[in-house]
Amino acid sequence: MLKSVQIVLALLLSVTVFASRPIVSTPAYEWRGDTVFQGEFFATAPSGQRIISTYSASPGYFMPVEKTWELRNDISQYPTLKTNNRLLEAVYNMGLDEMINNVEPDTTLRTGKEWAGVWTRDVSYSIILSMAAMQPEAARISLMRKVNSDGQIIQDTGSGGAWPISTDRMIWAVAAYELYKVTGDKDWLRYLYDVVKASLEKDALTVMSPNGLVQGETSFIDWREQSYPKWMQTADIYDSESLSTSVVHAAAMQVLAKAALELGHADVSQQWQQRADSLIKSINEHFWLEDKGHYGMYRYGRDYKIMNPRSETLGQSLAVLFDVATEEQAAELTRNSPVTKWGVPVFNPQIADMPSYHNNALWPFVAAYWTLANAKAGNEEGVLQGMGSIIRPAALFATNKENLTLDNGDITTELNSSNMLWSLAGNLALVQKLLFGINYETNGIRFAPFVPEALADTRTLSGLHYRDAVLNITVEGYGNEIAKFYINGKQHKQPFLSASSKGVQDIRIVMADNKPALSTVNLIDNAKSPLTPIVRWAFTPEHPFTVLEWSPIEYIASYDIIRDGQVIDNVRTTTYNADVPGEYMVVGVSEDGLRGFASEPLSNRPVTVIEMPRETDVMTSTEISYPATQHVQGMSGGFVEIDQTTDPVSVAFDAPTEGTYAVVIRYANGNGPVNTENKAAIRTLTVDGNPVATIVMPQRGVGNWNDWGESNHMPIILSEGKHIMSIEMLPQNRNMNLHTNHALIDNIKIYRLN
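Remember, predicted model here, so these are calculated numbers, not experimental data. (Residues numbered from 1 in each chain as written. Predicted model: local features only at pLDDT ≥ 70, side-chain atom pairs only at ≥ 80, totals over all residues. Heavy atoms only, no water.)

Quick notes on the sheet that holds strand β12 (residues 305–308)
Each strand in a sheet pairs with another by means of backbone hydrogen bonds, the pair being arranged parallel or else antiparallel. Using the following cut-off: Each pair of strands is called paired provided DSSP finds at least two bridges between the two strands. Secondary structure follows DSSP: runs of H or I at least 4 residues long count as helices, runs of E at least 2 residues long count as strands, and numbering of each begins at the N terminus.
As summarised here, the arrangement of the three strands in space is β8-β11-β12, forming an open sheet in which the pairing is antiparallel. Two strands bound the open sheet, and with one partner strand each, they are β8 (241–242) and β12. Where strand β11 (residues 298–301) lies against β12, four bridges are found, and the strand directions are antiparallel. In the sheet register, R299 faces β12, and the bridge partner there is M307.

In structure tokens, the structure reads:
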């Protein structure tokens, strides 16, 4: 009892002494001095090696909340932070402490306490933030672990099918190049060059849309229902175009261009820089929303794409950090992108009928990229809000959590983990990349600290190992401009340390105590968008496909009617006369103007159905992962079975007129679940011997051979007359599984678009 009283008294004393200096304050919490306050709870740092919290999670949550953190591992070999803010120092030290926990015996980086193994996107985003400098050997081994026997980057499983439904594997390239900038290892540069080149060349054949954008799932948001309308199948996700994944590919192309130039391949460098420039142009043409002052999240649909106008934080941050956004766009999106009282959402507005995980959540690693993006854009308030959203949960939960719900800032999400690698990597980046401004380049380190006035101090980061040097860095004052820069007592004009430096290097940076140009964020209530209309054709025997109908949705003021990707009407009824042939979608709009997801596209264009030759009703391939539990049903007479050894399947089609046609394959794939694994069947569609499109047929459930669905919709241009269409297995169609690439095909649908 006496010990408990002493602890409480010590806590109260700490709060009293260190609560005088406000740093971040929102309607939800306050960070003052060495303490974070949230309602009745607070967390404080009695020293740089201890955090004490009074927080209690929501009752009944399955995961316990740590009340204290104390340094357990020896962190002396890592850079030591000294600052007058004990909480900042303690949270930084906790990041180092938990980082050591995540280095496995095989010298790979574990994803988190609850997540074993190496994940391409997790480890790559962590390496870019801080693990390249803190764990270069573990970073190298982890990245090599994510290269397959074809010498290409492994795509993590996401929504069922993996690559090319999930396509963010190219963030590996940026991480690998960050490691090269830290180490200067030319052997590593040659290795990454070969891997990145092979992977980008394959992606160029498979995941580039007709708009010049990258197809596939939004980077890291890999739980289909959490960010896409329920009607979207995994084939639809492949067919969508994502901001973040397009930005990642643009950055990877720039990496390849730089690596090629340094290795003497000037022609390759020029080729991939041109491709990067073209992709960046397409991103800005198709994703920038002038009326909102930020980028949209992804483009979706089937024959005609529309924009999901949600603000998606990681994609926006990467656009700033990877030079996709212009300086003007960067400033504008940091002012306009929604920020809640808990911090930046993964995306906004939220999906009303989905629980918290990616939806309705803040992820600290995303907040770290957002904070760095705000620093680059010169937005001080954005930097403070970003830092606070990382420091608050780290202190209150006494660990680096995976994610937090935006309902109340708690950890009560669908899945969570302590000791999360990319969360702690973002924690460390706040100090190293932000407050000390450490930016690794191929020939040295360029310093560009961003110190908000509320965090003005004289800080030191000592014992940072960099190639043949050991750096002791001091930053004095605040602002984002450097007044004076010294190396070993000698003043230099440029804040730059050469990679050839050896031995101890004492670096002193005196800030200009300036006020950055921007200091505003778009603080909003956490909004939830309207539900998605479920639209169907009304039963009218004389005109069966001319009237759309749907059930009314509560709180929706009106409905936008979309035909062929364009809004053509806004109605308050729940029916619409669709007498003009086209692809129709309906979007609910709330009283305050929030738009929900569009309904599943419905088309009333005339369709030609071509049955497959050589049809059978028996599966015989050795690639079958899960045998049918009953006779295959649901096809129109039979099917053609395809695997990696079968001959091409060809059919004839007589195009009545020249124009653009849509081609869709009706298929079954029971080789795996819809939410994971990497057994998408991939083929190339050729017309008269010429490749024209990639066919993607993801698995639709374990053993679900009676579950027939549609592939992606493929627009192709045909001249009038007879054509031979073939479904072929080409080298670029090898999937991430490498062994199972198998499906059943029932028929081909073809219809004229224009």
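There is more to say, and it comes next.
Concerning the layout of surface pockets
The test is simple: Here a cavity denotes a set of grid points, spaced 1 Å apart and computed over the protein atoms alone, in which a 1.4 Å probe fits but from which it cannot get out, and a pocket denotes an open set meeting protein on both sides within 12 Å along at least five of seven lines; residues with an atom within 4 Å of a point are reported as lining. Grid points are joined across faces, edges and corners, and a volume is the space filled by probe spheres set on the points. The nonpolar class holds Ala, Val, Leu, Ile, Met, Phe, Trp, Tyr, Cys and Pro. Asp, Glu, Lys and Arg form the charged class, and all remaining residues, Gly among them, are polar.
If you add up the space inside the largest pocket, you get close to 970 Å³. K181, L321, F322, K376 and N439 are the residues nearest the centre of the largest pocket, which is lined by 27 residues in total. Put simply, the parts of the chain that give the lining of the largest pocket at least two residues each are α5 (171–183), α8 (243–262), α12 (364–377), α14 (421–435), β19 (438–441) and β20 (444–447). Class assignment of the residues belonging to the lining of the largest pocket gives a composition of 16 nonpolar, three polar and eight charged. Of the pockets and cavities examined, the second largest pocket occupies roughly 630 Å³. For the second largest pocket, the lining is made up of 29 residues, of which M208, S209, P210, A693 and P715 are closest to its centre. Elements that contribute at least two residues to the lining of the second largest pocket include exactly α6 (186–206), α7 (234–239), β43 (690–697) and β46 (714–718). Examining the composition of the lining of the second largest pocket, we find that four residues originate from one element, β43, more than from any other. A breakdown of the residues in the lining of the second largest pocket according to their chemical character gives 12 nonpolar, 11 polar and six charged.

Section: the pairing of strand β5 (residues 50–53)
With three bridges joining them, strand β4 (residues 41–47) and β5 adopt antiparallel strand pairing. In the sheet register, S47 faces β5, and the bridge partner there is R50. With three bridges joining them, β5 and strand β6 (residues 68–70) adopt antiparallel strand pairing. The partner of R50 across the bridge, within β6, is E70.

Considering the confidence of the model for the chain
Rule in force here: The predictor rates its confidence in each residue with pLDDT, a number between 0 and 100. Residue contacts are defined here by distance: any two heavy atoms, one from each residue, within 4.5 Å place the two residues in contact.
Of the residues in the chain, 97% have a pLDDT of 70 or more, and the chain-wide mean is 94. The low-confidence segment residues 1–10, where pLDDT is below 50, has zero contacts with residues more than four positions distant or belonging to other chains. Here residues 12–18 scores under 50 on pLDDT; set against residues more than four positions off or in separate chains, the count is 10 contacts.

Focus: the environment of I127
Stated formally: A 1.4 Å probe rolled over the protein chains alone gives each residue an accessible area, and that area as a share of the maximum for its type sets the label: buried under 20%, exposed over 50%, partly exposed in between.
By secondary structure assignment, the location of I127 is in helix α3 (residues 120–134). Residue classification places I127 among the buried positions, given a relative accessible area of 0%. Spatially, the C-alpha atoms of I127 and P164 are 24 Å apart, while their sequence positions differ by 37 residues. For I127, the residues in contact, after removing those within four places along its chain, are A132, A139, L143, A175 and E178.

Regarding the sheet that holds β20
Inclusion rule: Axis definition: a line fitted to C-alpha atoms, limited for helices to the stretch in contact. Angles are taken between N-to-C directions and run from 0 to 180 degrees.
Strand order in the open sheet made by the three strands is β19-β20-β25, with antiparallel pairing throughout. Two strands lie at the open edges of the sheet, namely β19 and β25 (496–498), each paired on one side alone. The mean inter-strand angle of the sheet, taken between neighbouring strand axes irrespective of direction, is 20°. Relative to β20, β19 runs antiparallel, the two sharing four bridges. Along β20, the bridge assignment pairs Y440 with I445.

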